[in-house]
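Structure at a glance
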Amino acid sequence: MEKYICIHGHFYQPPRENPWLEAIELQDSAYPYHDWNERIAAECYAPNTLSRILDGEGRIIRLPNNYAKMSFNFGPTLLAWMMDKAPEIYEAVLAADRQSQEQFSGHGSAMAQAYSHMIMPLANRRDKYTQVLWGIRDFEHRFGRRPEGMWLPETAVDLETLEIMAELGIRFTILSPRQAHKVRKIGRGHWRDVSGGRIDPTTAYRLKLPSGRTINLFFYDAPISQGIAFEDLLERGENLASRLVNAFSHERPWPQLVHIATDGETYGHHRTHGDMALAYALEYLETENFARLTNYGEFLEKHPPIFEVRIFENSSWSCVHGVERWWKDCGCNSGMRPGWSQAWRTPLREALDWLRDTLAPQYEKKASRFLRDPWAARDDYISIILKRDRQEVAHFLEQHASRKLNPREQSLVLKLLEMQRHAMLMYTSCGWFFDELSGLETVQILQYAGRVVQLARDTLGHDPEAKFLQRLERAKSNIPEHGDGRRIFEKFVKPAMVDLLTVGAHYAISSLFEDYQVQDRIFCYTIDQEDYRLAEAGKAKLAVGRIRVTSDITWNSADISFAVLHFGDHNLCGGVREFQGEGAYGTMAWEVAEAFAWADFPKTLRRIDQHFGDSTYSLRFLFRDEQRKILDQIMALSLEETWSAYGRLYTHNVPLMRFHRELGVPLPRPFLATAEIVLNRYLLEAFQAPELDLQLIRSLLEEARLLQIVLDGAGLEYALRKAIERLGERFRQYPLDLEYLQQLEAAMALETELPFEVHPWRVQNIYYEILHSVYPQQRRESEQGQGEARNWVEHFTALGTKLSVRVD
């Protein structure tokens, strides 16, 4: 009996992207010491690129790339984010697909995904087609091959979607066993009812479509998948391996495939060290020959389906009612807010459907003035999304424009296509998945809808916002202060909207705090500096200038003039308007500068008001990242004075504090607070210094221990880990430099003295790389009696012990 095992991970952590900036604003109050991108990448995706297999003493013996031995799919928008923000992980994912082709008879383990995680049965046919096509094109662009399989968001399925997939060359998809209705031997026998999840999941099935085409379906093993996601199967790799092996049965006469499907983030993010359990289980299954690891493409080639299946349409893996979770109050929710209603789901979808269906014919009519086939152009727009440069746009317009377009018309076409892109993004499934209308995920899709409204206003000559908000008003929040969809849109979406003047205001204000190049970029906008004048008077600054702001997405541009007055601290006021000609600009620049030259700041403000009217801005209008960065700069001097004051208090009173502790007397609260602030600050500065002063760090740690100070574990761990990673990178570049090796070894020795745990996974990866590249030659030279090599090997082995990596 042939036995096969396949593990599938569906990776979908949707980026919280600002639709107007085409970027994630990184500063997040939940992660005060971390870059949001870095944290998500490290927790969700990095663990499986280089997982850990340990020996009996807890030492690392191998760092396998789990992706190479499993089936997986990543959402296209997630891969785009990863390519930009986590390129090492991105390259490891692509490499895993190449490795899997070598291991699995030329079949790669990566699967495509319908593009923007839309619930396909609830989409119209046109959107379904574009979603499948874009998913395929994105996959080909990244993985360099045609996808064999495609993951359907939430496994939500209907026959029309499967028809489109089969038409476009997709061979298979994965469904929940609950979605199977009837089975029989292909072409003969009676249909047997397998509803209620009773289908045998250990083989492939063929589905005959109404058109006569066919597509292959795999139904994952639900009990094991649920055990991985919600039980303790990832506590130990042996548990997972045993459960998989026990799913085989001698009563089945066919080659059996035991396969599971879960959220990929389960392995290491939802389940800490779940990636290690998976890595151990995969290796254990292979070495013990319990079964052959495979992927779906290879299994289909070796064992084509002998059964055919009928499915329940409009069904999914995460709603027992079908696909109701994404349009009505069906009872499916997180379970965390009993008593809350999800009745808002229906009017939310109705409002978005109205927006889509109202704008579609208008898009077609307007775009037909410039494009041969507006919908074929939309399908091909993925080529621009994947490579946003002027050459690609020119090639696109050569293919689709009905005539040569002037720059204004080119920009209009790009805006129309962007409107259509966001009209699909606004259906991202997580907007309906959770409990509350004002939740992050739902606000995100409302922001996409807001971008659609804005682009419609710019391109179609009428504003759909009022009627859209009337429909949103029917969606009621569970939180009284948020009211309904209209209020949520006005509260969270409209303030986030950006236009070229807003970008110009951001540039003008931030130019007082950082140096811009003559041509520079702010998110997805290019700024060309036409004129810039900066004057200073004591703590006050005045910036007057003229810039051209151009969207890199739509090529829309505007000439903008500005004047910004900064009094010091957070007191700042500026005016921004579209450029009104050299004469008006010259007059404004002279009058404002003249008042400032006399240090007459009230008069300067009046003149800014005279020239700019209501178009005035303050620090509140900066994009969030820059706002936080500039506030940090503004606060720096005040904070330095505060740190100095606390330092003096601490230095003056520390002998008395020590005496209190020696006597076992609790420190008075003001003393304790002072010591806590100062020692945490001193340690943070020591960890962030260019070179680690280990003697100073140890003395500060001892002082904190003596005074029983609570250290800021999260902030200090992050700072120290970053310092150790810098040392590790230096060692990677110069692995034979004994001084760098010793510095890294000494830094890692600190870990045993800390009251918090440091997570040196990047340095472990570097060490493992050098262990297999440089160490073998150094060991041979050491065994031949070379003193330098022997010294290097001794320190390298000691570093391995500190990193919990086995060297022999």
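Residues numbered from 1 in each chain as written. Predicted model: local features only at pLDDT ≥ 70, side-chain atom pairs only at ≥ 80, totals over all residues. Heavy atoms only, no water.

A closer look at the sheet that holds strand β19 (residues 571-578)
Strands sit in the order β15-β16-β17-β18-β19-β20 across an open sheet of six strands; the sheet is antiparallel. Edge positions in the sheet fall to β15 (519-522) and β20 (616-617), since each has one partner strand and no second. Running over the sheet, helix α19 (residues 500-510) touches β15, β16 (525-537), β17 (540-551), β18 (557-568), β19 and β20 and is turned about 40 degrees from β18. (Pairing = 2+ DSSP bridges. Helix = DSSP H or I, 4+ residues; strand = E, 2+ residues; numbered from the N terminus. Contact = heavy atoms within 4.5 Å. Axes fitted to C-alpha atoms, helices over the stretch in contact; angles between N-to-C directions.)

Examining the environment of His250
Its place among the elements puts His250 in the loop between α7 (237-245) and β12 (256-263). For His250, a relative accessible area of 73% translates into the label exposed. For the pair His250 and Met1, spaced 249 residues apart in sequence, the C-alpha to C-alpha distance is 7.6 Å. (Buried < 20%, exposed > 50% of the residue type's maximum accessible area, 1.4 Å probe, protein only.)

As for the environment of Ser51
Tracing the backbone through its elements, the reader meets Ser51 in the loop between α1 (36-49) and β2 (53-54). Note on Ser51: relative accessible area 0%, which makes it buried. Separated by 228 residues in the primary sequence, Ser51 and Ala279 have C-alpha atoms spaced 6.6 Å apart. The contact partners of Ser51, leaving out residues within four places of it in the chain, are Arg62, Leu63, Pro64, Asn66, Asp275, Met276 and Ala279.

Quick word on the sheet that holds strand β8 (residues 180-185)
Read from one edge to the other, the open sheet built from six strands follows the order β7-β11-β10-β14-β8-β9, with strand pairing classed as mixed. Edge strands, defined here as strands with exactly one partner in the open sheet, are β7 (172-175) and β9 (192-193). Where strand β10 (residues 205-208) meets strand β14 (residues 307-311), two bridges bridge the pair, whose relative direction is parallel. Across the sheet, the residue bridging to Tyr205 is Phe307, located in β14.

A short note on a nonpolar patch on the surface
Taken together, the side chains of Leu656, Phe659, Leu663 and Val665 present a nonpolar region at the surface, about 370 Å² in accessible area. Looking at where Phe659 falls in the secondary structure, it is placed in helix α22 (residues 624-662). (Patch = residues over 30% accessible without salt bridge, like charges linked within 9 Å, V, L, I, M, F, W, Y side chains within 5 Å. Areas by Shrake-Rupley, 256 points an atom, 1.4 Å probe, with all protein chains shown as cover. Salt bridge = Lys/Arg side-chain N within 4 Å of Asp/Glu carboxyl O.)

Looking at α22
The end-to-end C-alpha distance of α22 is 47 Å, clearly below the 57 Å that 39 residues give at a rise of 1.5 Å each. The largest bend along α22 measures about 55 degrees and falls at Asn653, with the proline Pro655 one to four residues further on. Those residues of α22 that sit buried are Asp625, Glu626, Ile630, Ile634, Gly647, Tyr650, Asn653, Val654, Met657, His660 and Arg661. Looking at the buried residues of α22, the elements they touch are α19, α23 (669-688) and α24 (694-707). Just past α22, the residue Gly664 takes up positive phi, approximately 75 degrees. (Expected span 1.5 Å × (residues − 1). Bend = angle between axes of the 7 residues up to and from the residue.)

Considerations on the pattern of salt bridges
Tallied over the full model, the rule gives 56 salt bridges. Here Glu167 ties to Arg125 by a salt bridge, and the two come within 3.8 Å at their closest N and O atoms. Pair noted here: Glu167 is in helix α5 (residues 159-167) and Arg125 is in helix α4 (residues 125-143), with a separation of 42 residues, a long-range link. By relative accessible area, Glu167 is classed as partly exposed at 37%. Among the residues examined, Arg125 registers a relative accessible area of 40% and is labelled partly exposed. Between Lys722 and Glu725 there is a salt bridge; the shortest N-O distance is 3.3 Å. One end of the pair is Lys722 and the other is Glu725, both in helix α25 (residues 713-733) and three residues apart, which spans about a single turn. For Lys722, a relative accessible area of 21% puts it in the partly exposed group. In this structure, a network of salt bridges that share partners links the residues Glu88, Glu717, Arg721, Lys722, Glu725 and Arg762.

What about the pairing of β17?
For β17, the tally of buried residues reaches ten of twelve residues, placing the bulk of the element in the interior. Here β16 runs beside β17; their pairing, made up of twelve bridges, is antiparallel. Each residue of the ladder has a partner; that of Ile527, found in β17, is Val549. Connecting β16 to the antiparallel partner β17 that follows it, the hairpin turn spans two residues, and Gly538 within it adopts a positive phi of roughly 65 degrees. Examined bridge by bridge, β17 and β18 share ten bridges and lie antiparallel to one another.

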